[in-house]
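Understanding the architecture of this molecule
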Amino acid sequence: MALKFHRALLGLAFSHIYPNGLPMAISNTLKHFPVMMTTLHKWFPISSQFITFAACPSCCWLYAPQNGVYPVTCTWDDFEVAKSK
Ligand SMILES: [Zn+2]
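Before going further, it helps to examine the coordination of the zinc ion. The zinc ion binds to the protein through C56 (SG), C59 (SG) and C74 (SG), with metal-donor distances spanning 2.2 to 2.3 Å. Taken in sequence order, the residues that donate to the zinc ion follow the motif C-x2-C-x14-C. Of this pair, C56 sits in the loop between β1 (54-55) and β2 (62-63) while C74 sits in the loop between β2 and α4 (80-83), placing them 18 residues apart in sequence. Overall, the relative accessible area of 10% leaves C56 in the buried class. Exposure remark for C74: the relative accessible area of 35% places this residue in the partly exposed category.

And the structure:
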């Protein structure tokens, strides 16, 4: 999903730079811009480890898994910094 967002953002930026149409090279680059992590890994076979975070649907606070388990409820309000907002 983030890769699709990056492609869209690049397309938007280039459309402002080239308001009368994108040059063919840029258009082709955007057309073939990887939007799946599997494609990116094929192109750049580097070892990496991904951690999937859970996001609170209310406040967007991110939670890393603890021993493979995500919290069921948001604890953002429990932090001191949340009380100052
Ligand atoms: Zn929350």
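A few words now on the domain arrangement of the chain. How big an interface is tends to be expressed through the accessible area that disappears when the partners come together. According to the domain assignment, the chain consists of domain 1 (2-43) and domain 2 (54-84). Domain 1 and domain 2 are separated by 33 Å when their C-alpha centres are compared.

Any two packed helices are characterised by the angle at which their axes cross and by the distance between the axes. For the pair helix α1 (residues 2-17) and helix α2 (residues 24-31), the least separation of the axes is 10 Å and the interaxial angle reads 165°. In this view, α1 runs roughly antiparallel relative to α2, as classed from their interaxial angle. For the pair α1 and α2, the crossing hand works out as left-handed. Note on element contacts: α2 touches α1 through I26, L30 and K31, opposite R7, L10, G11 and F14. For the contact of α1 with α2, the residue count by class is 4 nonpolar, 1 polar and 2 charged.

Mapped onto the secondary structure, V72 falls in the loop between β2 and α4. Through-space distance from the C-alpha of V72 to that of S48 is 28 Å; in sequence the pair is 24 residues apart.

Rules and cut-offs
For every chain, the first residue of its written sequence is number 1, and the numbers climb from 1 along that sequence. Note on the predicted model: pLDDT of at least 70 is required for a residue's local features to be given, and 80 or more for side-chain atom pairs to be given and counted; whole-chain, interface and lining totals, by contrast, use all residues. Side-chain numbers come from the whole structure's heavy atoms, not from hydrogens or water. Counted as donors are N, O and S atoms no farther than 2.8 Å from the metal, or 3.2 Å for Na, K and Ca; water is not among the atoms, and sites may therefore look incomplete. Helical segments are the DSSP runs of H or I of at least four residues, strand segments are the runs of E of at least two, and each set is numbered from the N terminus. Accessible area is worked out with a 1.4 Å probe on protein chains only. A residue is then buried under 20% of its type maximum, exposed over 50%, and partly exposed in between. Throughout the structure description, domain borders are defined by an automatic or database domain assignment. Orientation is described by axes fitted as lines to C-alpha atoms, over the contacting stretch for helices, and by angles from 0 to 180 degrees between their N-to-C directions. Reported orientations rely on four angle classes, namely roughly parallel under 35 degrees, roughly antiparallel over 145, roughly perpendicular from 65 to 115, and oblique for the rest. When the near helix sits turned anticlockwise from the far one by under a right angle, the crossing is termed left-handed; a clockwise turn instead gives a right-handed crossing. Should any heavy atoms of two residues lie within 4.5 Å, those residues are considered in contact. Any residue that is not Ala, Val, Leu, Ile, Met, Phe, Trp, Tyr, Cys, Pro, Asp, Glu, Lys or Arg is counted as polar, Gly included; the first ten are nonpolar and the last four charged.

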